[in-house]
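Reading the structure
Now for the letters of each chain:
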Amino acid sequence: MIGRLDHVAIVAPDLDAAISLYRDGLGAEVGPVLDLPAFGVSTVFIRLPNTHLELLHPLGEASPLVGFLARQPGGGLHHLCFEVADVAAAVTTLQARGMRLLDPEPRPGAHGKPVLFLHPKDTGGVLIELVQA
Ligand code: CO
């Protein structure tokens, strides 16, 4: 079911420092900061030849990343995102396999395509996002 690795997401406690690291230090193509209030995050996508990185930073005090940074103040790996051909079909398939989703319905993600997150207790402790290809 899963296809290409769409992105690897990293929580950055200092977004400007992380942008500088990847743009100026590592010479990557860093996109603009996108605020996603529905997810409580600011994101920055970094284009690599074979995938993307997504830098994540809390947006608002109710951000799910506040708890992440309380546990890991230095930031770090947050989730992997894989493409699927049909997110709605993936929901049906995953639920039939007894896998839990963090949201019952796919939501538009950073690029307007529907995304969903699997429960990390069902995925070996790694948060996995699926995005419509
Ligand atoms: Co993501």
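For the structure itself, look to the data block above.
Residues numbered from 1 in each chain as written. Predicted model: local features only at pLDDT ≥ 70, side-chain atom pairs only at ≥ 80, totals over all residues. Heavy atoms only, no water.

Here we look at the overall build of the protein chain
Summing up its helical and strand segments, the protein chain has 3 helices and 8 strands in all. The linear arrangement of helices and strands in the protein chain, starting from the amino end, is β-α-β-β-β-α-β-α-β-β-β. Taken against the 2.2 N^0.38 rule, which gives 14 Å for 133 residues, the C-alpha radius of gyration of the protein chain at 15 Å falls within 12% of a compact globule. Looking at the protein chain as a whole, 40% of its 133 residues qualify as buried. Total accessible area on the protein chain stands at roughly 7200 Å², and carbon and sulfur atoms take up 58% of it. Positive and negative charge centroids in the protein chain, built from 9 and 14 side chains respectively, lie 6 Å apart. (Helix = DSSP H or I, 4+ residues; strand = E, 2+ residues; numbered from the N terminus. Rg over C-alpha atoms; globule rule 2.2 N^0.38 Å. Buried < 20%, exposed > 50% of the residue type's maximum accessible area, 1.4 Å probe, protein only. Areas by Shrake-Rupley, 256 points an atom, 1.4 Å probe, with all protein chains shown as cover. Lys, Arg positive; Asp, Glu negative; His and termini not counted. Charge placed at Lys NZ, Arg CZ, Asp CG, Glu CD.)

Things to note about the coordination of the cobalt ion
Looking at the cobalt ion, the protein donor atoms are His 7 (NE2), Glu 54 (OE), His 79 (NE2) and Glu 129 (OE), and they sit 2.0 to 2.3 Å from it. Each of the 4 donor atoms bound to the cobalt ion contributes to angles spanning 86 to 174°, and the resulting shape is irregular. (Donors = N, O, S within 2.8 Å, 3.2 Å for Na, K, Ca; no water. Tetrahedral: all angles 85-135°; square planar, octahedral: opposite > 155°, others 65-115°.)

Details of helix 2 (residues 64-71)
Since there are 3.6 residues in each turn of an α-helix, residues three or four apart along the chain are aligned in direction. For helix 2, the full list of buried residues reads Leu 65, Phe 68 and Leu 69. Down the axis of helix 2, the smallest arc covering the buried residues is 95°, so these residues share one side. Turned more than 90 degrees from where helix 2 packs its buried face, Ala 70 and Arg 71 sit exposed. Buried residues along helix 2 sit in contact with strand 1 (5-11), strand 3 (41-47), strand 4 (52-58) and strand 5 (76-84). Measuring from the backbone nitrogen of Leu 65 back to the side-chain oxygen at the start of helix 2 gives 3.0 Å, which picks out Ser 63 as the cap. (Arc of directions from axis to C-beta. Contact = heavy atoms within 4.5 Å. Polar contact = N/O pair within 3.5 Å; in protein donor to acceptor, adjacent residues only side chain to side chain.)

Examining the pairing of strand 7 (residues 114-118)
In terms of burial, strand 7 is largely enclosed, as 4 of its 5 residues are buried. As paired strands, strand 6 (residues 107-108) and strand 7 are joined by 2 bridges and run antiparallel to one another. Residue pairing for strand 7: Pro 108 is matched across the bridge by Pro 114. Between strand 6 and the antiparallel strand that follows it, strand 7, lie 5 residues; Gly 112 among them carries a positive phi value of about 85°. (Pairing = 2+ DSSP bridges.)

Thoughts on the side chain of Glu 83
Locating Glu 83 in the fold gives a position in strand 5. Under the relative-accessibility criterion, Glu 83 is labelled buried at 16%. A distance of 2.6 Å separates the side chain of Glu 83 from the side chain of Arg 4, its partner in a polar contact. Sequence-distant contacts of Glu 83, that is, excluding residues within four places in its chain, are made with Met 1, Ile 2, Gly 3, Arg 4, Asp 6, Val 131 and Ala 133.

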